[in-house]
Structures are given as structure tokens and as C-alpha cells.
Amino acid sequence: MEPSTFNLKQSVNSYIDSIKNQGSITNSDAAELSAHLYDATDSFISLGLSQEEAFVIACKRLGNEEVLTKEYSKVNPSIKMNQIWAYLIMGFNLFYSLPSLLLLGISLLYLTVYQSYNSSFTSTLIITVFHLLLTALIWFLIRRKLEISKFLERQIQNHSLRSVSLSFIPFLVPIFIKLIPPLRINNRLELQRALNFPVYKFDSDFVEFSFYLAILSMIGAAISLVFSINKIEKLTLKTFFERPSTSFLIVFGIILELFAASTRSLHVDIISVSALIFATVYFSASYLISFYNSNGSINKHLVITSLFGVVMETAVGINADIDRGNTIYTVYYVSFMLVGIVLGKVAGLMSARQFRLQEV
Amino acid sequence: MASSLAPLVLIILRRQESYGYQIIQELRDKSGGQLTVAEGTLYPVLKKMEAKGWIEGVWKKADSGRERRYYKLTSKGTQELEQQYSQLNFVNQLINSLWNLPLSTSSNL
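- Per an unreviewed UniProt entry, the recorded name for chain B is PadR family transcriptional regulator, and the organism is Paradesertivirga mongoliensis.

- Chain A is annotated in an unreviewed UniProt entry as DUF1700 domain-containing protein of Paradesertivirga mongoliensis.

## Remarks on the interface of chain A and chain B
- Each partner contributes residues to the interface: chain A has 22 residues there, and chain B has 19 residues.
- Carbon and sulfur atoms make up 58% of the area that chain A and chain B hide from each other, which totals about 1800 Å².
- Linking chain A with chain B are four salt bridges.
- Of the charged contacts in the structure, one is a salt bridge between Arg66(B) and Asp39(A), with a shortest N-O distance of 3.4 Å.
- At the surface where chain A touches chain B, the tally comes to eleven residue pairs in polar contact (both at pLDDT 80 or more).
- If you list the elements that add at least two residues to the side of chain A that touches chain B, you get helix 2 (27-45), helix 3 (51-62) and helix 4 (65-75) of chain A.
- Here the side of chain A that touches chain B gets twelve residues from one element, more than from any other, and that element is helix 2 of chain A.
- In terms of residue class, the side of chain A that touches chain B is built from ten nonpolar, six polar and six charged.

## A few points about the packing of helix 2 of chain A against helix 3 of chain A
Residues and elements named next belong to chain A.
- In the contact formed by helix 2 and helix 3, the axes pass within 8 Å of each other and the chain directions differ by 130°. When the axes of helix 2 and helix 3 are compared, the pair comes out oblique. Regarding helix 2 and helix 3, the two cross each other, and that crossing is right-handed. The segment helix 2 lies against helix 3, with Leu-33, His-36, Leu-37, Ala-40, Thr-41, Phe-44 and Ile-45 engaging Gln-51, Ala-54, Phe-55, Ile-57, Ala-58, Cys-59, Arg-61 and Leu-62.

## Focus: the nonpolar core
- Counting residues in each nonpolar core, the largest one holds 45 residues, and the members touching the most others are Leu37(A), Phe55(A), Ile23(B), Leu46(B), Met49(B) and Ile55(B).
- Listing elements by their share of this core, those giving two or more residues are helix 1 (8-20), helix 2, helix 3 and helix 4 of chain A together with helix 1 (5-15), helix 2 (20-30), helix 3 (42-51) and strand 3 (67-73) of chain B.
- Each residue touching Leu46(B), except ones within four places of it in the same chain, is listed here: Val9(B), Gly20(B), Ile23(B), Ile55(B) and Tyr71(B).
- Ala221(A), Ala275(A), Tyr333(A) and Met337(A) belong to the second largest nonpolar core, which has 34 residues in total.

Rules of the game
Residues numbered from 1 in each chain as written. Chains lettered and ligands numbered in written order. Predicted model: local features only at pLDDT ≥ 70, side-chain atom pairs only at ≥ 80, totals over all residues. Heavy atoms only, no water. Contact = heavy atoms within 4.5 Å. Buried area = accessible area lost by both parts, 1.4 Å probe. Salt bridge = Lys/Arg side-chain N within 4 Å of Asp/Glu carboxyl O. Polar contact = N/O pair within 3.5 Å; in protein donor to acceptor, adjacent residues only side chain to side chain. Helix = DSSP H or I, 4+ residues; strand = E, 2+ residues; numbered from the N terminus. Nonpolar A, V, L, I, M, F, W, Y, C, P; charged D, E, K, R; others polar. Axes fitted to C-alpha atoms, helices over the stretch in contact; angles between N-to-C directions. Parallel < 35°, antiparallel > 145°, perpendicular 65-115°, else oblique. Left-handed = near helix turned anticlockwise from the far one by under 90°. Core = buried A, V, L, I, M, F, W, Y, C linked by side-chain atoms within 4.5 Å. Buried < 20%, exposed > 50% of the residue type's maximum accessible area, 1.4 Å probe, protein only.

Next comes the structure, spelled out in C-alpha cells:
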């Protein structure tokens, strides 16, 4: 017969830790439950059971972590309160420091690439690919919102102090970087100049457009987080576009116009092609709204969404036309935009019908 | 089940101070092994009773060197016990008298 490798102290600690990790018991509660397990195990041993058998039965009688966590959380509200504060501190640190760290990293990348390749095909390629990857990463993270939330929740529940402490790291990194002489960025002005490199220094339409794409994605991602606060399902296009609220459509309309306008940074010389690219953005938006609301009030949604764009394009466009010396670009942009919206609606409705037929 | 433990714990602590495991054992013995509650759920009940000032807990080292939290009844707890005891007795008598009423049949209507 092999000697038993069972270690009672280790087993009791591990069982109590598993309950403690749920985050609703204090150290005193844990000590009391441990004492109970030792007493119960002793009493079963005195009845003739082995230490391991006695421990297993004692645990079973004590109750599993789910039951105990539920009962303890009723009497330990301060633990819940502390967790709320942990979320607040961590949230502040992450929302304040991660974007600033990201901007710092981006500006360092711009500087390095510019110093090495100046404005060339290579620098355009590196920066454009970087912008596209960043855009993809932003939307990937938004899609994984549930998983990220669950991860953060687990960290706060199991290791509150560690999580809060770690969240200070991105907060401190920029400060340390500024202290390292070769990387020293003395003031915001310099940082700002570094940030504007893609627009002014790389001298590339692709760099500029992909830059706008990444920036607007960040804003869009933040808006998605706000507007999905009451949604419980996994985030998809349907989450946002099916029966959208007016406030969402207004904000979406503004972002949409900014994105559509940023296509001008591609500097396509032929006006009709430029207006076509511009209108494609509105076509896509109109398609999405019509597809997900084929039985609802599409026209109302489309009017609210495109209102900001129509007003901006008309007002700013006419001014720009006058400045340029009586060009008629506004006519192109606004008319293409309206046609894009109408075609988007038709295409969206057709797709929705086809989709329903396939489902049947 | 957990909430109905409170008056039972008060009664047990009326006689002498005790700790969680001992209280559970006494409840188990007196109920003839009928007590099916998870033993660990007694502790949140004790904690709630302590917060209400009915009992007072103190960590003590036993002869074996093991630490246990002993609970004793406070004067507020004694008052609470008397009140709950009379209430439970009242409810018990009421249940009995209602239970013993003759069953009505459709012919009585």
C-alpha cells in the first residue's frame, strides 16, 4: 500500500481560497470556515475515516463556493462597495492612461519611421499598414467587449489590490519615458508635432486617409461602448442598427460625415470619382440601416442620419466653392450623396428580402 | 432555511457560549440528523446576528492550539430571543388551532 500524499493543511487552504477568490468573504470569515473544516475533519477521523475521506465529507457538508458566496455576499456589502471603487480607480487609470500611452507610442513610431525613411514609398507602406492594423485592433477589441469585461471582473474579484495597482503602470510609463534622455519629449507641443507627422510630413494621401480612419475608429469605438451599455448580447452591427435610437443616429450621422469627408484626403482629381467615393460611405450606412430595419421606419432613420451631412456639405461646400472661384463641387457631392442613400436603401431592402427568403 | 436558523442559534447560545461547528453539531443532534442546510451558511447568519448586536464573537485559542470564534448572547440578544420565542409560540398555537379545524366539504356550503 502506498503512503498517502494527502496534505490536510494544503487541502483546507486550497478549498477556502477557492471560496475567498469569489470575493465575498473577509479574512476573518475564511479563518472561521477553515477552523470549521479542521473540526469537522477531526470528528470524522475519530469515527474511523481516513484523513482524506474525512476532509471530503467535511467539505461537502460545509457547502460549495457558490452557496457560501451567495450567503456571505448578503452580510458583507462592504466587499461589493470596495469592488465598485476598484472598478472606478481602474477605469479612470485605463481610460486616462491607455490612450495617452497609445498616442505616445504612435508619435514615437512616426518619428522613428520618418527619421529612417523620410517621405517615401516605404514610410507610406509602414504607416498605412500600421493605421489599418490599429483600426482592425480597435474594432476587434470592441467585438470582444464581453470577454474583456469578464476578464476585468475576474481580476477585480480575485485580485482587487493587484489589479488596481497594475492599472497604474500605463499611467506611469509616459512619465518614465519622458525622463529617458534619448526619448525625452519635452512638452506637449513637440508631441503634437510628432502626432501630425502623417498628415504634414509623410506627404502621402494613403497615410493621411488611414490616419483619419484610425482616429474616427477610436471615436466610433468609444461611442459604441456608450450606446451598447444597455445591450446584453455580443456586439454586432445588428446590435447598433436594428431599431436604433434617435440619439445614436445623430451621433452616427456626425461620425459618418467626418469619415465621408475624410475620403477627400485621397485627393482624387476627377470630381465625379471623388464624389463617388464620398457617396459610397453614405451608401454603406444607408444599406445597413435599411437592411436591419426593413420592417421599420427606414426613411425617418435615414433622414436623421444624413441630416448633419447634408447641412455640412451644403453650407461648407458652397463656401469652399466660392473660395475656389465658383466651382460646383457641392452639387456633385450632395447629389451623389443623396443618390447613394437612395441606392443604399434599395440594396439594403433587397438583401433583407433575400435574407428572409433564405431563412424560410 | 438559513434565516430560520437565527432563533435556534439564540436558544443554543442562551445556555452557554459556543462556536460555529459546535452549534451546527447541536442542531444536527437535536434535529435527529434532519438538518439539511449547508453547514457553512450558519456563519453568515452568525455574522448578521452579530451586526444586529444580538450576539458577540471573540477569537479564542483552544487547548489544541487551534483558534475558534466563540459567540455569546448579549442582553439585546436575550430580549430578541424572548420576543421571537413568544412570537413563534403564538404562530405555533395559531397553526395548531387552524390545523385542527374540521375540513369543509361542499355539503357544508
